[in-house]
Amino acid sequence: MPVDRYVPLDRRFTELGDEKQMEDAAVRSLLDRMDGRPSGISWEDIYADGRSCVVLGEAGSGKSEEMKHQRDALQSKQRPAAYVDLVTMLQRGSPELTSEASRLLDRWRRGSGVAWLFLDSVDESKLAQPKDFERALRSVRAWLGSEAGRARFVLSSRVSEWRPIADLSLAREHLVPTADTSAEIDATRGASLLQGWS
């Protein structure tokens, strides 16, 4: 019998600031949790806001499983969503999609709404060559084609491998259509576990 690896933790995210603010936010989040007062940005807040973001966490913190669960949760509501491994994009040029993701994305491509794409493992996409992250983003953009402006992205990375200025700039350049100001990246909003853009 397969074991369900996902543990619902009601994860919350905090705006990204400088290093001291990140430490303070982590301590505040922990203390709030211990007092039973979850604080921060929830997944529903992210979806309602409609802005793409970056989720940062340590190795083994459950980023990949969380992203797969969020894909499944959106799909259960018939909302188009896909989990996209960036290393797979480098190797194949297209993601390995579940049949439900394929069905919902096909419908999305013919429609007018927003799809959520969970782009996993920025850090792992850089293992062979740092430039591979940029190549992976180009592959995502090519795969999306003209629908890129209607996609919202959640990227994941280890904190130690995320370069806030350079990597965010690459995301802006390759994922946001130049004519689509509604999807423009907002570098002023982010989190110790979340860095956001529109």
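Residue numbers run consecutively from 1 along every chain, following the written order of its sequence. Where totals are concerned, whole chains, interfaces and linings use all residues; where local detail is concerned, this predicted model gives features only for residues with pLDDT of at least 70, and gives and counts side-chain atom pairs only at 80 or more. Note that the side-chain values use all heavy atoms of the structure and ignore hydrogens as well as water.

## Things to note about the packing of helix α7 (residues 132-144) against helix α8 (residues 164-175)
Moving on, step 1. Interaxial distance between α7 and α8 falls to 9 Å at its minimum, and their mutual angle equals 25 degrees. Comparing the axis directions of α7 and α8 gives the class roughly parallel. Crossing of α7 over α8 shows right-handed handedness. The residues of α8 that touch α7, namely those facing F133, E134, L137, R138, V140 and R141, are D167, L170, A171, E173, H174 and L175.
Moving on, step 2. Under this grouping Gly is polar, as are all residues other than the nonpolar Ala, Val, Leu, Ile, Met, Phe, Trp, Tyr, Cys and Pro and the charged Asp, Glu, Lys and Arg. For the contact of α7 with α8, the residue count by class is six nonpolar, one polar and five charged. Fitted lines through C-alpha atoms give the axes, limited to the stretch in contact for helices. The angle between two N-to-C directions lies from 0 to 180 degrees. The helix and strand labels rest on DSSP assignments: H or I over at least four residues marks a helix, E over at least two residues marks a strand, and numbering proceeds from the N terminus. For classification, angles of less than 35 degrees are called roughly parallel, those exceeding 145 degrees roughly antiparallel, those between 65 and 115 degrees roughly perpendicular, and all remaining angles oblique. Working rule for handedness: look at the near helix, and if it is turned counterclockwise from the far one by less than a right angle, call the crossing left-handed; if clockwise, right-handed. Here, two residues are considered to be in contact whenever any of their heavy atoms come within 4.5 Å of each other.

## Comments concerning the pairing of strand β3 (residues 115-120)
Moving on, step 1. Accessibility here uses a 1.4 Å probe with only protein chains present; expressed as a share of the type maximum, an area under 20% marks a residue as buried, one over 50% as exposed, and anything in between as partly exposed. Where burial is concerned, most of β3 is hidden: six out of the six residues are buried.
Moving on, step 2. Across the two faces of β3 the burial is the same, with A115, L117 and L119 and W116, F118 and D120 all buried.
Moving on, step 3. The sheet contact formed by strand β2 (residues 81-85) and β3 spans five bridges and is parallel. Paired with A82 across the bridge in β3 is L117.
Moving on, step 4. Here the rule is simple: two strands pair whenever DSSP picks up at least two bridges between them. Sheet topology places β3 next to strand β4 (residues 151-158); five bridges connect them, and they run parallel. Pairing of L117 across the sheet is with F153, part of β4.

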